[in-house]
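# Residue-level structural notes
Residue strings, one per chain:
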Amino acid sequence: MGNNQLKMNSLGVAIGAGVRVGLEDNIWFDSARTTLATNMGLLKRIHTIAQAHEREVMTPQEFRSKMQLEPGNGKYGRKI
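Here the structure is a predicted model, which means the values were calculated and not measured.

What counts as what
- Residues numbered from 1 in each chain as written.
- Predicted model: local features only at pLDDT ≥ 70, side-chain atom pairs only at ≥ 80, totals over all residues.
- Heavy atoms only, no water.
- Helix = DSSP H or I, 4+ residues; strand = E, 2+ residues; numbered from the N terminus.
- Buried < 20%, exposed > 50% of the residue type's maximum accessible area, 1.4 Å probe, protein only.
- Contact = heavy atoms within 4.5 Å.
- Areas by Shrake-Rupley, 256 points an atom, 1.4 Å probe, with all protein chains shown as cover.
- Lys, Arg positive; Asp, Glu negative; His and termini not counted.
- Charge placed at Lys NZ, Arg CZ, Asp CG, Glu CD.
- pLDDT = per-residue confidence, 0-100.
- Salt bridge = Lys/Arg side-chain N within 4 Å of Asp/Glu carboxyl O.

## Topic: the overall build of the protein
Helix and strand content of the protein: three helices and zero strands. The principal-axis extent of the C-alpha atoms belonging to the protein is close to 40 × 30 × 15 Å. A burial count over the protein gives 18% of its 80 residues as buried. Sequence separation of at least 24 residues holds for 30% of the intrachain contacts in the protein that already meet a minimum separation of 6. For the protein, the exposed area adds up to about 6200 Å²; of that, 57% sits on carbon and sulfur atoms. Of note, the protein has its 11 positive side-chain charges centred 5 Å away from the centre of its 7 negative side-chain charges.

## Description of the confidence of the model for the protein
Looking at the protein, the pLDDT average stands at 87 and 91% of residues meet or exceed 70. When mean pLDDT is taken per element in the protein, helix α2 (residues 39-52) scores highest with 94 and helix α3 (residues 60-66) scores lowest with 86.

## Let's talk about the pattern of salt bridges
Taken as a whole and assessed by the stated rule, the structure comprises one salt bridge. Measuring nitrogen to oxygen at the nearest pair gives 3.2 Å for the salt bridge that ties Arg20 to Glu24.

Structure (structure tokens):
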């Protein structure tokens with residue numbers, strides 16, 4: 001999605017669809033490419049947009065259940 005990540009995420013929230021965020025889609029937080037993105041910064045921005053649209057954000061547990069993934073870090077996460 002690159003420079004269009006914010007626009008596409010905003011559209012997804014507005015129409016009631018899901019959104020995807022992450023550094024694999026865009027390493028820049030802004031379209032002027034002056035601020036590097038962080039996963040936490042991208043997530044916070046989506047939460048703000050979702051809140052403005054009165055949309056609920058799915059918890060990680062709800063997402064894992066919906067996608068039929070193992071709970072917690074499971075085999076997908078970090079090994080401690």
